[in-house]
Amino acid sequence: MSGFLLEKYRGISPYVPGEQPKEAGYIKLNTNESPFPPSEKARERYMRAFDKLNLYNDPENGTLTGAIAEEFGLKRENVLVTNGSDEALAFIYMAYAEKGKPFAAPEVSYGFYPVFSRLVGADIVTYPLKEDLSVDAEAFAKCDLNVIFANPNAQTGTFMPISDIEKIARKRSRLVVVDEAYVDFGAESAVALIRKYPNIVVVRTFSKSRSLAGARIGFVIAAEDIVADLKLVKYSFNPYNLGRAAEAAATGALEDKEYFDTCREKIIEAREYTLRRAEALGLRVIRGKANFLLMSSEDIDGGELKNRLYDEKIIVRHFSSPALLSPYIRVTIGSMDEMKTFIKVLEKILSGVRK
Ligand code: PMP
């Protein structure tokens, strides 16, 4: 850290992304990516866009914005595309949070929320999870602050029914940001509520269910005035935020509904298989609807289990904080073959420690 860095940034612990191994040969179940390649339609559009990379992209990203609006039956003024949904979240924090005006978030959720809070000088306000590790909708419904949560929730995978989101949104004097990074794997979206509750802001990504994590595409769906606020931030920060090639890939991925459905159905099937098998091995598995499962064993600590799996070339994620997560590993759902290997290796490790 240089002596030039502003005082206000010195206490920040930046978000730590999961490992991207430099060598091949690992089964990678640590960053909730899709095990499947991008759609062929994404490839075709992406390659065509390549020939025009000498030109700046359309700053409005009109093609993709229009396609998303059509997909959800909304107007383009309800959509803002971003460089990954992380950027969408960053714009939201820049637009709506500051010292004395925090977002309330679940105590266990996406680790970037407290980082954004610090970056914009806002306090971190959190609510504990319920005993079953689900998000406490009642607590959020009562609170007067702007709120943000992931649904399904990050790290746990638990999901909040739409009726609970509606309860929270009834207090229209505050924003309700629903981060739907994992919604396509079986949960219900809050997009349908936006017309009735113009204080709901939905954040989505192409990184998980659309197999485009490395292209960095996210988007916001919200009332027109909210999207206008976020555009003010975008055009004051990085007007060409989503590049031409990424926009093309996303447009192709959105067109390919059949591939999208096939991939997510395979993930759901592999998740249910993994859940059943891990429970049969005696693990506690949190029942969720994301493309990952949180699981723990009474016989081995989460960090140790992660290391043992790593030795067998399987990478999963372990969080030592918050403390509640420490006994668990978070396992991204890969292909069925990958999950069968995972279960086999898990069984071997557990039989070793149980002797
Ligand atoms: N929200 C949640 C809950 C996430 O887990 C992630 C992925 N780490 C993101 C947002 C960001 O995803 P991306 O920037 O790739 O769209």
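Refer to the preceding data block for the structure.
**A closer look at the layout of surface pockets**
Line of reasoning, step 1. Roughly 280 Å³ of volume is contained in the second largest pocket.
Line of reasoning, step 2. Arg45, Arg48, Ala49, Lys52, Asn57, Asp58, Thr63, Arg244, Glu247, Ala248 and Thr251 are the residues that line the second largest pocket.
Line of reasoning, step 3. Contributions of two or more residues to the lining of the second largest pocket are made by helix H1 (40-50) and helix H8 (244-255).
Line of reasoning, step 4. If one sorts the elements of the lining of the second largest pocket by residue count, H8 sits on top with 4 residues.
Line of reasoning, step 5. Grouping the constituent residues of the lining of the second largest pocket by class yields 2 nonpolar, 3 polar and 6 charged.

**Quick notes on helix H7 (residues 224-235)**
Line of reasoning, step 1. Under the 1.5 Å per step criterion, the end-to-end length of H7 is 16 Å for 12 residues, consistent within 8% with the ideal 16 Å.
Line of reasoning, step 2. When we look at burial in H7, the residues that qualify are Ile226, Val227, Leu230, Val233 and Lys234. Taken down its axis, H7 places every buried residue within 110° of arc, on the same side. Summarising the geometry of H7, the exposed residues directed more than 90 degrees from the buried face are Asp225 and Leu232.
Line of reasoning, step 3. Buried residues along H7 sit in contact with strand S2 (79-82), helix H3 (84-96), strand S7 (200-205) and strand S8 (218-221).

**Details of the sheet that holds strand S9 (residues 284-286)**
Within a sheet, adjacent strands bond to each other through the backbone by hydrogen bonds, running parallel or antiparallel.
Line of reasoning, step 1. Read across the open sheet, the 3 strands follow the order S9-S10-S12; overall the sheet is antiparallel. Every other strand in the sheet has two partners, leaving S9 and strand S12 (328-332) as the edge strands with one partner each. Pairwise comparison of adjacent strand axes, ignoring direction, gives a mean angle of 30° for this sheet.
Line of reasoning, step 2. Of the strand pairs in this sheet, strand S10 (residues 292-296) and S12 are connected by 5 bridges, and their pairing is antiparallel. Each bridged residue has a counterpart across the sheet, and for Phe292 the counterpart in S12 is Thr332.
Line of reasoning, step 3. Sheet contacts for helix H9 (residues 257-280): S9 and S10; angle to S10, the most-contacted strand, approximately 5°.

**A look at H9**
Line of reasoning, step 1. Its 24 residues give H9 an end-to-end C-alpha distance of 35 Å, which sits within 8% of 34 Å, the value for a rise of 1.5 Å per residue.
Line of reasoning, step 2. Those residues of H9 that fall on the buried side of the exposure criterion are Phe260, Cys263, Ile267, Ala270, Arg271, Tyr273, Thr274, Leu275 and Ala278.
Line of reasoning, step 3. In the segment just after H9, Gly282 is the residue with positive phi, at about 90°.

**Remarks on the pairing of S10**
Line of reasoning, step 1. Counting buried positions along S10 gives 5 out of 5 residues, so the element sits mostly inside the fold.
Line of reasoning, step 2. Every second residue of S10 is oriented toward a common face, with Phe292, Leu294 and Ser296 on one face and Leu293 and Met295 on the other, all of them buried.
Line of reasoning, step 3. Two strands pair when backbone bridges link them, and S9 and S10 are joined in this way by 3 bridges, in the antiparallel orientation. Residue pairing in the sheet places Val285 in a bridge with Met295 of S10.

**Brief notes about the pattern of salt bridges**
Line of reasoning, step 1. One pass over the full model with this rule turns up 19 salt bridges.
Line of reasoning, step 2. Salt-bridge contacts for Lys28 lead to Glu33; the nearest nitrogen and oxygen are separated by 2.8 Å.
Line of reasoning, step 3. Since its relative accessible area comes to 21%, Lys28 is described here as partly exposed.
Line of reasoning, step 4. With a relative accessible area of 23%, Glu33 lands in the partly exposed category.
Line of reasoning, step 5. Salt-bridge contacts for Asp86 lead to Arg216; the nearest nitrogen and oxygen are separated by 3.8 Å.

**Notes on the nonpolar core**
Line of reasoning, step 1. Ile68, Ile165, Ile168, Ile200 and Phe206 are the most contacted members of the largest nonpolar core, which has 48 residues in total.
Line of reasoning, step 2. Considering each element in turn, this core owes the most residues, 5 residues, to H8.
Line of reasoning, step 3. Apart from the residues within four sequence positions on either side, Ile200 is in contact with Ile165, Ala169, Val176, Val178, Ala190, Leu193, Ile194, Ile221 and Ala222.
Line of reasoning, step 4. One finds Ala150, Ala154, Val203 and Ala223 within the second-largest nonpolar core, a separate group that totals 32 residues.

**Regarding the packing of aromatic side chains**
Line of reasoning, step 1. The full count for this structure, using the stated rule, is 15 aromatic pairs.
Line of reasoning, step 2. Ring geometry for Tyr182 versus Phe292: centroids 5.0 Å apart, planes at 85°, classification edge-to-face. Linking Tyr182 in the loop between strand S6 (176-179) and S7 with Phe292 in strand S10, this pair joins segments that are 110 residues apart in sequence. The two residues Tyr182 and Phe292 agree in class, both being buried.
Line of reasoning, step 3. Directly above the ring of Phe206 sits Arg210, whose terminal nitrogen or CZ lies 5.7 Å from the centroid.
Line of reasoning, step 4. Over the aromatic face of Phe36 sits the side chain of Lys266, whose NZ or CZ is 5.2 Å from the ring centroid.

Cut-offs used in this document
Residues numbered from 1 in each chain as written. Predicted model: local features only at pLDDT ≥ 70, side-chain atom pairs only at ≥ 80, totals over all residues. Heavy atoms only, no water. 1 Å grid on protein atoms, 1.4 Å probe; cavity = no way out; pocket = protein on both sides within 12 Å on 5 of 7 lines; lining within 4 Å. Points joined across faces, edges and corners; volume = space filled by probe spheres on them. Helix = DSSP H or I, 4+ residues; strand = E, 2+ residues; numbered from the N terminus. Nonpolar A, V, L, I, M, F, W, Y, C, P; charged D, E, K, R; others polar. Expected span 1.5 Å × (residues − 1). Buried < 20%, exposed > 50% of the residue type's maximum accessible area, 1.4 Å probe, protein only. Arc of directions from axis to C-beta. Contact = heavy atoms within 4.5 Å. Pairing = 2+ DSSP bridges. Axes fitted to C-alpha atoms, helices over the stretch in contact; angles between N-to-C directions. Salt bridge = Lys/Arg side-chain N within 4 Å of Asp/Glu carboxyl O. Core = buried A, V, L, I, M, F, W, Y, C linked by side-chain atoms within 4.5 Å. Phe/Tyr/Trp six-rings, centres within 6.5 Å; stacked < 30°, edge-to-face > 60°. Lys NZ or Arg CZ within 6 Å of the ring centre and 35° of its normal.

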